[in-house]
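What follows is each chain in one-letter form.
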Amino acid sequence: GAGVSQSPSNKVTEKGKDVELRCDPISGHTALYWYRQSLGQGLEFLIYFQGNSAPDKSGLPSDRFSAERTGGSVSTLTIQRTQQEDSAVYLCASSPNYEQYFGPGTRLTVT
Amino acid sequence: SQQGEEDPQALSIQEGENATMNCSYKTSINNLQWYRQNSGRGLVHLILIRSNEREKHSGRLRVTLDTSKKSSSLLITASRAADTASYFCATDVRGGAQKLVFGQGTRLTINP
């Protein structure tokens, strides 16, 4: 069956621009997670959705970062006024219980 | 700081040898999971071990969990070139939100 998909796979943007990253979870998975991974580093938790609500936003680095989820399905992560330190791979995962299924990620490069 | 820390940070062995990676964590957990990541993209779930389990097997993988030492190990037996990847442990923190806290990973290289 279809896995988690993310788009775009790569995004190059200029400093100061806004970007939107999209995640399509596996159908029926109620939980959805966003992580960020800088080069050679581990995963940094950003935000978690249960259905359409986000009980844990503790990982969002600043108020430039926001995320929403609609219809218990697709989620978008928005970064406003991008900075060079935002450059990373942004990974989305969905989960029916404990095990998380990851998408291929979006590589964001801010120039 | 990270909940999970893997050791070693990098490991290079010959094909056919066994590879052992360790993970330590700080707080009480519900379960611990191991994931593999190829080429810096999506992670693949390998195995989950619950806090009341001590050992679990899946194919060539063996995971142990010692909650008294807050540590886990992942053993890959009879390694293959295709096992070359980064391996991460992740903990589901008891009492916290349902999120996984990942370690920094071990970069495993299998030399042919």
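The coordinates are above.
Here goes a summary of the coordinates provided. (Residues numbered from 1 in each chain as written. Chains lettered and ligands numbered in written order. Predicted model: local features only at pLDDT ≥ 70, side-chain atom pairs only at ≥ 80, totals over all residues. Heavy atoms only, no water.)

### Some remarks on the state of the cysteines
The condition is simple: Whenever a pair of cysteine sulfur atoms sits within 2.5 Å, that pair is classed as a disulfide. Labels follow the DSSP assignment, with helices taken as runs of H or I lasting at least four residues and strands as runs of E lasting at least two, numbered in each case from the N terminus. Burial classes: relative accessible area under 20% of the type maximum marks a residue as buried, over 50% as exposed, and values in between as partly exposed (1.4 Å probe, protein chains only).
All chains considered together, the criterion is met by two disulfides over all chains. Residue A:Cys23 pairs covalently with A:Cys92 via a disulfide, S to S 1.8 Å. The sign of the S-S torsion, about -60°, decides the handedness of the disulfide formed by A:Cys23 and A:Cys92: left-handed. Remark: A:Cys92 occurs in strand S9 (residues 88-95) and A:Cys23 occurs in strand S3 (residues 19-24); sequence separation between them is 69 residues. Like A:Cys92, A:Cys23 is buried. The disulfide partner of B:Cys23 is B:Cys89, and the S-S distance across this bridge is 2.0 Å. For the disulfide bridge between B:Cys23 and B:Cys89, the dihedral angle about the S-S bond is near 65°, and by the sign convention the bridge is right-handed. Placement of B:Cys23 in strand S3 (residues 19-24) and of B:Cys89 in strand S9 (residues 85-93) is noted, with a sequence separation of 66 residues between them.

### Here we look at the interface of chain A and chain B
Short version of the rule: Here a residue-residue contact requires only that any non-hydrogen atoms of the pair lie within 4.5 Å. The term buried area refers to how much accessible surface (probe radius 1.4 Å) is lost by two components on association, counted for both of them together. Salt bridge, as applied in this entry: a Lys or Arg side-chain nitrogen positioned within 4 Å of an Asp or Glu carboxyl oxygen. Polar contacts here mean pairs of N or O atoms no more than 3.5 Å apart (in protein, one a potential hydrogen donor and the other a potential acceptor; neighbouring residues in sequence count only if both atoms are side-chain atoms). Polar here means any residue other than Ala, Val, Leu, Ile, Met, Phe, Trp, Tyr, Cys and Pro, which are nonpolar, and Asp, Glu, Lys and Arg, which are charged; Gly is therefore polar.
The interface is formed by 24 residues belonging to chain A together with 21 residues belonging to chain B. Counting the surface lost from both chain A and chain B, the interface buries some 1,800 Å², and carbon and sulfur atoms represent 47% of this. Counting the surface chain A buries against chain B, the share from its top three residues, A:Leu43, A:Tyr98 and A:Phe102, is 32%. The interface formed by chain A and chain B holds zero salt bridges in total. Counting across the interface, chain A meets chain B through five residue pairs in polar contact (both at pLDDT 80 or more). Of the residues belonging to the side of chain A that touches chain B, the class tally is ten nonpolar, eleven polar and three charged.

### Examining the pattern of salt bridges
All names here are of chain B. What the rule picks out here adds up to seven salt bridges over all chains. Note that Lys-26 is salt-bridged to Glu-5, the shortest N-O span being 3.5 Å. Highlighted residues: Lys-26 in the loop between S3 and strand S4 (29-37) and Glu-5 in strand S1 (residues 5-7), separated in sequence by 21 residues. The class of Glu-5 is partly exposed, set by a relative accessible area of 42%. For Asp-83, the salt bridge identified is with Arg-60, shortest N-O distance 2.9 Å. With Asp-83 in the loop between strand S8 (71-76) and S9 and Arg-60 in the loop between strand S6 (55-58) and strand S7 (61-66), the pair connects residues that are 23 residues apart, well separated along the chain. Classification of Arg-60 by relative accessible area gives partly exposed; the value is 22%.

### Some points on the nonpolar core
To keep it simple, the criterion reads: In this description, a nonpolar core means a group of buried Ala, Val, Leu, Ile, Met, Phe, Trp, Tyr and Cys residues linked to one another through side-chain atoms lying within 4.5 Å.
One finds B:Leu32, B:Trp34, B:Leu74, B:Ile76, B:Tyr87 and B:Leu108 to be the most contacted residues of the largest nonpolar core, which totals 22 residues. Looking at this core, the elements that each hand over two or more residues are strand S2 (10-14), S3, S4, strand S5 (43-50), S7, S8, S9 and strand S11 (106-111) of chain B. If sequence neighbours within four positions are ignored, B:Ile76 has contacts with B:Glu17, B:Asn18, B:Ala19, B:Met21, B:Arg60, B:Leu61, B:Asp83, B:Tyr87 and B:Leu108. Of all hydrophobic cores here, the second largest spans 19 residues; its members include A:Leu32, A:Leu60, A:Ala88 and A:Tyr90.

### Here's the deal with the environment of B:Thr109
All names here are of chain B. Tracing the backbone through its elements, the reader meets Thr-109 in strand S11. In this structure Thr-109 comes out as partly exposed when scored by relative accessible area, which is 29%. As a C-alpha pair, Thr-109 and Asn-22 span 87 residues in sequence and 16 Å in three-dimensional space. Ignoring sequence-local partners within four residues, the contact set of Thr-109 consists of Leu-11, Ser-12, Ile-13 and Thr-84.

### Let's talk about the packing of aromatic side chains
Residue and element names in this part refer to chain A. Definition in use: Note on ring pairs: Phe, Tyr and Trp rings are taken, using the six-membered ring of Trp, and paired if centres are within 6.5 Å. Classes follow the plane angle, with under 30 degrees stacked, over 60 edge-to-face and the rest tilted.
A full pass over the atoms with the stated rule returns eight aromatic pairs over all chains. Both rings, one in Tyr-33 and one in Tyr-48, keep their centres 5.0 Å apart while their planes meet at 25°; by these two values the pair is stacked. Note that Tyr-33 is positioned in strand S4 (residues 31-37) and Tyr-48 in strand S5 (residues 43-50), a separation of 15 residues in sequence. On the basis of relative accessibility, which here comes to 2%, the residue Tyr-33 falls in the buried class. Plain terms: the ring middles of Tyr-35 and Phe-45 are 6.1 Å apart, the flat faces sit at 75° to each other, and that makes the pair edge-to-face. Taken together, the residues span a long stretch of sequence, with Tyr-35 in strand S4 and Phe-45 in strand S5 at a distance of ten residues. For Tyr-35, a relative accessible area of 0% gives the class buried.

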